[in-house]
Amino acid sequence: MKTYTSCLQTLDLGHVVLKNRFMMGSMHTGLEEAENGFQRMAAFYAERAAGGAALIVTGGVSPNEAGKLGLGPAERTMVSMVDKHRLITDAVHQHDGKILLQLLHAGRYSKHDSPVAPSPIQSPINRITPRELASDEILQTIEDFASSALLAKQAGYDGVEIMGSEGYLISQFLAARTNHREDEWGGNWLKRKKFALKVIDKVRQAVGSNWIIMFRISVLDLVEGGLTQDEILDLARDAETAGASLLDSGIGWHESRVPTIMGSVPHGGFSWATRRLKDAVSIPVIACNRINHPDIAEDIISKGDADMVSMARPWLADGAFAHKVQNGKIESINTCIACNQACLDLVFVGKEATCLVNPRACRETLINIQPARSPKRIAVVGAGPAGLSCATALGERGHRVTMFEASSNLGGQFNLAAAIPGKDDYRQTVRYFQQQLQQYNVDVRLDRHVSAATLIESGFDEVVLATGINPRTPNIPGIDGPNVMAYAEVLSGQSIPGRRVAIIGAGGIGFDMAEFLVGTTHEGPEDFANEWGIGLSNEMPGGLLTENVLHEAERKVFLCQRNDQRFGRTLGKSTGWALRISLEKRGINFIGGARYIAIDEQGLHIEQAGEQKILAVDTIVVCAGQTENRDLYNELIAGAVPTHLIGGADLAAELDAKRAIEQGLLLANKL
Ligand code: FAD
Ligand code: NAP
Ligand code: SF4
């Protein structure tokens, strides 16, 4: 059996000993601005501390008004909030946890009306050009970092993380890309690094020696005009001298066009960049990004790439991550699948974060699974995400649950999703639910395409229909021809498309199909670096290669849609752009505004902009959406069986696994 001795070791920081090597990295969850936000944050962080996180970092708090992210009207600085923060620190300390407040000045990334920056250079991801900070304002900002750190100390925090990466204000001072000043704060490297070092130094002076100061350093900027390796290592050494107790890694500015946290990034795929720091400083360093399994953490720490691992989203997916590692319950970890759908994609549009695989995340005070008052016999039909979520929660509540699944596997469409490059972690969700079904004694019957008659005869108290969807077959002459395949046939390996393929439908599944047909799974950091133009060993500013890397695929693919709107507009905000770039690099043809006329041996006949064309392909793959599969519903209702619809069986339009899993849990909590 695998052991986790490296990541379960303590870490001695001199004045304090951390109980293991698992840190929960900073995440803005939207609770910061919510009603009862501090109570909810206290419950959220306390659950993670109880779940074994040795160190927790809060979402970013600005040291002053100008540095606010500008995400919501109620966004706060530390001033006058000390008592509220005590709710959080007390709750974490009750569970033997340590917590740092993150101090983040957003600089030109601030979304409010008057952002400030070292130089008045607009960011590609903000429509407002920042105002240049005057010299006295720079000095005041440094003081604001120090006074906020002191307030954090008074509020009971165990330290602060100073956000010096991701392209926020400190990064903006460090990089020639954003710092065009000609005074003592800009110009050569010595002047550009001065702001960061003054902040660390002043904070240390304010808080004294026995208190944690973690500096988040960008180990790879991934933008043109970013820092060179020599500059990064020099900054790391100077940060240690200035008073930092730990160095956390940051990967990529937010405006970078290289994916850094999505599923296509190899697991632990940037720990090589943190390794360089470790060799340069004597304080502990922390690796991050795409670390979602204890095996990856153990590997990073045991081979000496870092002293600790930072995981953020995996703590949304499972608040007891480290506790489960300590107790050898690896199979029961609910794994983050890097989808971003219920965390980042929601925060980006001003909503509260939660988690696709764990809808309780950030709702600890709102959703609690209580034992059932009177246990019932309940049938759950369909073992896709909706059925799995419902059956396990019903079992946890003490109901006697029987689950029927027509196929020989649990997981429903998640088994198809897992075939897509970058989505192999989706299998972990199925593994997790399988373990939960066992834990809660759910009677699972595979290969059982159950009928309404059987369900009625069996006399269940309630029936939950989670039977999913039927793929839509568009009404196109020739759609039943031998050269037409359904997406499920292709993804399950039952049918193999030829070298020239037209995909009908460019929704989530159409895009995934394109990636399946032309994409590759990145085997490791080198492979990923090669695809995205990252220099593993060179000294280019920002860690980027200069040449444009193209990987045209051998297969010719046409991705078609009837509407003439932007391709991929329904994809996730934080992931869709990278999927589009990846497909463009591979030479996919995007065919918008298409009217499908017919399919024959010549290929797909379409009309586009009034012109008739033939897409000369050997295979047509249909990804044209879905309709509800609720065959059993009317019969069950007629048989007077209390019947509930969830997931695709309830509503197929715009269905995703987030809705399916959440609906399953919420229903289970009501029955
Ligand atoms: P399903 O997953 O369809 O499960 C229904 C189950 O019911 C099936 O296993 C079926 O065999 C069974 N069943 C049906 N009738 C009976 C019967 N009479 N008796 C017994 N069993 C029966 N969603 C996301 O949120 N993010 C993604 O990134 C994502 N990627 C995807 C990629 C692909 C390629 C595909 C195909 C889907 C993807 N989805 C994604 C969609 C997601 O998988 C679905 O939203 C989700 O699976 C719906 O869950 P469900 O439980 O309602 O239905
Ligand atoms: P979808 O996103 O709704 O897309 C269906 C596509 O089919 C649309 O592009 C539509 O485009 C086309 N279409 C609809 N009716 C048609 C018809 N009669 N003839 C021809 N084309 C037709 O659905 P999906 O791709 O099947 O995905 C299902 C769900 O899975 C989605 O809601 C999504 O949330 C989820 N999913 C998410 C991801 C992800 O990465 N987040 C990935 C995969 C799936 P036109 O009408 O313009 O032709
Ligand atoms: Fe991970 Fe997706 Fe949950 Fe976010 S929503 S924490 S990416 S599983």
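These notes cover the structure that comes with them. All values reported here derive from a predicted model rather than from experimental measurement.

The next subject is the sheet that holds strand S27 (residues 643-645). The sheet built from 5 strands is open, its strands ordered S15-S14-S13-S16-S27 with parallel pairing. At either end of the open sheet lies a strand with only one pairing partner, and these are strand S15 (443-445) and S27. Averaged over all pairs of adjacent strands, the angle between strand axes in this sheet comes to 20 degrees, irrespective of strand direction. Of the pairings in the sheet, the one linking strand S13 (residues 377-381) to strand S14 (residues 400-404) comprises 5 bridges and is parallel in character.

Strand S20 (residues 556-560) sits mainly inside the fold: 4 of its 5 residues count as buried. Pairing of strand S19 (residues 500-504) with S20 involves 5 bridges; the strand directions are parallel. By the bridge assignment, Val 501 is partnered in S20 with Val 557. Pairing between S20 and strand S21 (residues 589-591): 3 bridges, direction parallel. Its bridge partner lying in S21, Cys 560 is registered against Ile 591. Handedness of the crossover joining S20 and S21 through helix H20 (residues 576-585) is recorded here as right-handed.

It is worth spelling out the sheet that holds strand S23 (residues 603-608) at this point. Taking strand neighbours across the sheet as the criterion, the 3 strands line up as S22-S23-S24 in an open arrangement whose pairing is antiparallel. The open sheet has two free edges, formed respectively by strand S22 (594-600) and strand S24 (611-615), since each of these has just one partner strand. The mean inter-strand angle of the sheet, taken between neighbouring strand axes irrespective of direction, is 25 degrees. Where S22 and S23 come together, 6 bridges link them in antiparallel fashion. Across the sheet, residue Arg 595 finds its bridge partner in S23, namely Glu 607.

With that settled, the discussion passes to helix H15 (residues 426-439). With 14 residues, H15 extends 20 Å from end C-alpha to end C-alpha; this agrees with the ideal 20 Å at 1.5 Å per step. Residues Tyr 426, Thr 429, Val 430, Arg 431, Tyr 432, Phe 433, Gln 435, Gln 436 and Leu 437 constitute the buried set of H15. Looking at the packing, one finds that the buried side of H15 touches helix H13 (385-397), S14, helix H14 (414-417), S15 and helix H22 (657-670).

Interaxial distance between helix H18 (residues 508-518) and H20 falls to 10 Å at its minimum, and their mutual angle equals 40 degrees. Between H18 and H20, the crossing angle belongs to the class labelled oblique. For H18 against H20, the interelement crossing comes out left-handed. On H20, the residues that touch Phe 511, Asp 512, Ala 514, Glu 515 and Val 518 of H18 are Leu 579, Arg 580, Ser 582 and Leu 583. In terms of residue class, the contact of H18 with H20 is built from 5 nonpolar, 1 polar and 3 charged.

Trans peptide bonds make up most of the peptide bonds, and negative phi angles are found at most residues other than glycine. You will see that Arg 290, though not glycine, has its phi angle at about 60 degrees, which is positive. Along the chain, the position of Arg 290 falls in the loop between strand S11 (285-287) and helix H9 (294-302). Despite not being glycine, Glu 654 has its phi angle at roughly 55 degrees, a positive value. With respect to the helices and strands, the residue Glu 654 is situated in the loop between S27 and H22.

Turning next to the site of ligand 2. Around ligand 2 lies a shell of 22 residues, among which Ile 509, Arg 562, Asn 563, Gln 626 and Leu 655 are the nearest. Contact between ligand 2 and Arg 472: a nitrogen atom at 3.2 Å from a side-chain N or O atom of the residue. With respect to ligand 2, the backbone of Gly 508 contributes an N or O atom lying 3.3 Å from an oxygen atom. Residue composition of the shell around ligand 2, grouped by class: 8 nonpolar, 8 polar and 6 charged. Mapping the shell around ligand 2 onto the domain boundaries places at least three of its residues in each of domain 2 (377-471 + 627-670) and domain 3 (484-624).

Moving on to the nonpolar core. By size, the foremost hydrophobic cluster in this structure holds 156 residues, and its most contacted members are Phe 22, Val 160, Ile 162, Phe 195, Phe 215, Leu 247 and Ile 534. Setting aside anything within four residues of it in sequence, one finds Val 160 in contact with Leu 100, Leu 101, Leu 103, Ala 149, Ala 152, Val 203, Trp 211, Ile 212, Ile 213 and Met 214. Membership of the second largest hydrophobic core comes to 25 residues, among which are Leu 517, Leu 579, Leu 583 and Cys 623.

Let's shift gears to the pattern of salt bridges. Applying the stated criterion across every chain, the model contains 30 salt bridges. Asp 279 is the partner of Arg 275 in a salt bridge, and the nearest nitrogen-oxygen pair spans 3.2 Å. Here Asp 279 and Arg 275 lie together in helix H8 (residues 271-280), a separation of 4 residues that amounts to about one turn. For Arg 275, a relative accessible area of 27% translates into the label partly exposed. With relative accessibility at 56%, the residue Asp 279 sits in the exposed group.

Before going further, it helps to spend a moment on helix H7 (residues 229-242). Helix length check: H7, at 14 residues, gives a terminal C-alpha distance of 20 Å against a target of 20 Å (1.5 Å per residue), a fit within 8%. Three or more residues of H7 are buried, namely Gln 229, Glu 231, Ile 232, Leu 233, Leu 235, Ala 236, Ala 239 and Ala 242. In the segment just after H7, Gly 243 is the residue with positive phi, at about 130 degrees.

This paragraph deals with the environment of Thr 546. As for its position among the elements, Thr 546 is in the loop between helix H19 (525-532) and S20. Between the C-alpha atom of Thr 546 and that of Gly 535, which follows or precedes it by 11 residues, the distance is 9.0 Å.

Calculation criteria
- Residues numbered from 1 in each chain as written.
- Chains lettered and ligands numbered in written order.
- Predicted model: local features only at pLDDT ≥ 70, side-chain atom pairs only at ≥ 80, totals over all residues.
- Heavy atoms only, no water.
- Pairing = 2+ DSSP bridges.
- Helix = DSSP H or I, 4+ residues; strand = E, 2+ residues; numbered from the N terminus.
- Axes fitted to C-alpha atoms, helices over the stretch in contact; angles between N-to-C directions.
- Buried < 20%, exposed > 50% of the residue type's maximum accessible area, 1.4 Å probe, protein only.
- Right-handed = clockwise from strand over helix to strand, strands pointing away.
- Expected span 1.5 Å × (residues − 1).
- Contact = heavy atoms within 4.5 Å.
- Parallel < 35°, antiparallel > 145°, perpendicular 65-115°, else oblique.
- Left-handed = near helix turned anticlockwise from the far one by under 90°.
- Nonpolar A, V, L, I, M, F, W, Y, C, P; charged D, E, K, R; others polar.
- Near = heavy atom within 4 Å.
- Polar contact = N/O pair within 3.5 Å; in protein donor to acceptor, adjacent residues only side chain to side chain.
- Domains from an automatic or database assignment.
- Core = buried A, V, L, I, M, F, W, Y, C linked by side-chain atoms within 4.5 Å.
- Salt bridge = Lys/Arg side-chain N within 4 Å of Asp/Glu carboxyl O.

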